[in-house]
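Structural features, examined
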Amino acid sequence: MSTIASFIRRLPKAELHLHLEGAILPATLVELSQRHDARPLTLPEAETLFRFHDFSGFLDAFKAVTARLITPEDYELAAWRMIQQLAAQGVVHAEVYISVGVIYRWRDHDPAAFEPIFAGLERARLRGQAELGFSLYWIFDAVRHFPVEEAERVFRKAAELRPAHPSIIGIGLGGDERRTGSEPFRALYAEARQAGLRLTNHAGETTPPAAIREALAIGSERIGHAVSAIQDFHLLQDLKERQVPLELNPTSNVRTGVCPSFAAHPLRRYFDLGLLVTLNSDDPAFFGSDLAGEYLLAHTQQAFSREELRQLARNSIRASFLPTPEKTAWLAQIETTK
Ligand code: ADE
Ligand code: ZN
């Protein structure tokens, strides 16, 4: 029998909660700095940008790294490296958040700022498809604690570009839930749905279960984190009955201080209750894990058996926004992985 690590690598998996900017390794940041800075960052200097002590510190670090992505070619390099990292772990499909809200903010809301960057991202995506058979969708992420008009700009850009670029699959909201919930975005979510976009949302990461209810109430189809659902039995029943896909990120939650340890994360309890849970890495360069690492930790810290890991892989495909024939093909491959 194969080792558990090699079984995990060979299991076809989808990554559904991954921020492009959070996947940039310090070494790539050094490369980017060599392009732009008179005195480029050293590796230890780059590594300090990724340090933080709590959730607010993490959001600041994320912003500092994102600010170092300047040209379309920078975005292309970051996306290509991310795709290579994913393919090496046996990830076959990813739905990746781009912090479009941050891109606009750093560029003074210049309406012409985004398209060239998106062209760079698409070059990387197409290269991944051609060279590695890798499948990738983009999710345009707005920052919830910025003014609502900034999210409007992000979501409307997604709707405008989607007809020519079906790789833009949906929208999402990241940032600080403690400052802004979901209700202010109700009309924008309805508008995005009308435009054919799929609706994701970070909810219940640093906030009580009411935040998850609020996210569902505005039409969010998938919930990112959902750590606090464990506190609300009726919400758990609802999530189970509706089979709402949950994008869980255990190592992220441990590293930002939301959860005391991987072993204590509600992943195992959600899974045993029959919720549609998926494992994800969120911002792997900041948290020192990746998707294969999360599967391995589920095995070592929460005793997920091979068959249970296989179920997590099935869930990741089921919860993806892939068309049904592609889901069916990947599910068949998951069954035959030894
Ligand atoms: N942006 C990137 N990662 C995030 C997270 N875990 N929560 C909120 N916003 C984010
Ligand atoms: Zn996230």
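Residues numbered from 1 in each chain as written. Chains lettered and ligands numbered in written order. Predicted model: local features only at pLDDT ≥ 70, side-chain atom pairs only at ≥ 80, totals over all residues. Heavy atoms only, no water.

1. Observations regarding the coordination of the zinc ion (ligand 2)
Our working definition: The rule for donors is simple: N, O or S, within 2.8 Å of the metal, or within 3.2 Å if the metal is Na, K or Ca. Water isn't counted, so a site may look like it is missing partners. For four-coordinate sites, all angles between 85 and 135 degrees define a tetrahedron; for four- and six-coordinate sites, opposite donors beyond 155 degrees with the remaining angles between 65 and 115 define square planar and octahedral shapes respectively, and all other cases count as irregular. Here a strand is any run of E in DSSP of at least two residues, a helix any run of H or I of at least four, and the numbering for each starts at the N terminus. Note on exposure labels: buried denotes an accessible area under 20% of the residue type's maximum, exposed denotes more than 50%, and partly exposed covers the range between, all computed with a 1.4 Å probe on protein chains only.
Distances from the zinc ion (ligand 2) to its protein donors, His17 (NE2), His19 (NE2), His202 (NE2) and Asp282 (OD), fall within 2.1 to 2.3 Å. Bound by four donor atoms, the zinc ion (ligand 2) shows angles of 86 to 169° at the metal and therefore irregular coordination geometry. Sequence positions of the donors to the zinc ion (ligand 2) reduce to the motif H-x1-H-x182-H-x79-D. Taken together, the residues His19 in strand 1 (residues 13-19) and Asp282 in the loop between strand 8 (277-279) and helix 14 (284-287) connect sequence positions 263 residues apart. Its relative accessible area of 5% is what places His19 among the buried residues. With a relative accessible area of 2%, Asp282 lands in the buried category.

2. Considerations on the packing of helix 10 (residues 209-217) against helix 11 (residues 233-242)
Heads up, the rule is: To define axes, lines are fitted to C-alpha atoms, for helices over the stretch in contact only, and angles between the resulting N-to-C directions are given on a 0 to 180 degree scale. For any pair of crossing helices, the crossing counts as left-handed if the nearer helix is rotated counterclockwise from the farther one by less than a right angle, and right-handed if it is rotated clockwise. In what follows, a contact means two residues having at least one pair of non-hydrogen atoms within 4.5 Å. Under the grouping applied here, Gly and all other residues not named as nonpolar or charged are polar, the nonpolar ones being Ala, Val, Leu, Ile, Met, Phe, Trp, Tyr, Cys and Pro and the charged ones Asp, Glu, Lys and Arg.
As a packed pair, helix 10 and helix 11 sit with axes 10 Å apart at the nearest point and diverge in direction by 35°. Along this stretch, helix 10 crosses helix 11, giving a crossing that reads as left-handed. Counted together, Pro209, Ile212, Arg213 and Leu216 of helix 10 and His234, Leu235, Leu239 and Arg242 of helix 11 form the full contact between these two elements. Partitioned by chemical class, the residues of the contact of helix 10 with helix 11 number five nonpolar, one polar and two charged.

3. Structural notes on the pairing of strand 1
The condition that has to hold: Any two strands with at least two DSSP bridges between them are considered paired.
Across the seven residues that make up strand 1, a large majority, seven, are buried. Strand direction decides the pairing type here: strand 1 and strand 2 (residues 91-98), joined by five bridges, are parallel. When the sheet's bridge partners are listed, Ala14 is paired in strand 2 with His93.

4. As for the pattern of salt bridges
Keep this limit in mind: Whenever Lys or Arg places a side-chain nitrogen within 4 Å of a carboxyl oxygen from Asp or Glu, that contact is recorded as a salt bridge.
According to the stated counting rule, one finds 24 salt bridges in the structure shown. One salt bridge in this structure joins Arg68 and Asp37, with 2.8 Å as the shortest N-O distance. Residue Arg68 is located in the loop between helix 4 (55-66) and helix 5 (72-88), and its partner Asp37 is located in the loop between helix 2 (26-36) and helix 3 (43-49); the two are separated by 31 residues in the primary sequence. As a salt-bridge pair, Arg222 and Glu247 come within 2.7 Å of each other at their nearest N and O atoms. Of this pair, Arg222 sits in strand 6 (residues 222-225) while Glu247 sits in strand 7 (residues 246-248); the two residues are 25 residues apart in sequence, bridging distant segments of the chain. In terms of burial, Arg222 and Glu247 fall into one category: buried. The network of salt bridges with common partners includes Glu73, Glu76 and Arg123.

5. Quick word on the sheet that holds strand 5 (residues 198-203)
Within the open sheet, the eight strands sit side by side as 1-2-3-4-5-6-7-8. Their pairing is parallel. Edge positions in the sheet fall to strand 1 and strand 8, since each has one partner strand and no second. The average undirected angle you get between the axes of adjacent strands in this sheet is 25°. Two strands pair when backbone bridges link them, and strand 6 and strand 7 are joined in this way by two bridges, in the parallel orientation. Within strand 7, the residue paired with Ile223 across the bridge is Leu246. This element, helix 7 (residues 114-132), spans strand 2, strand 3 (135-143) and strand 4 (168-174) of the sheet and lies at about 150° to strand 3.

That is the geometry; function is a separate question.
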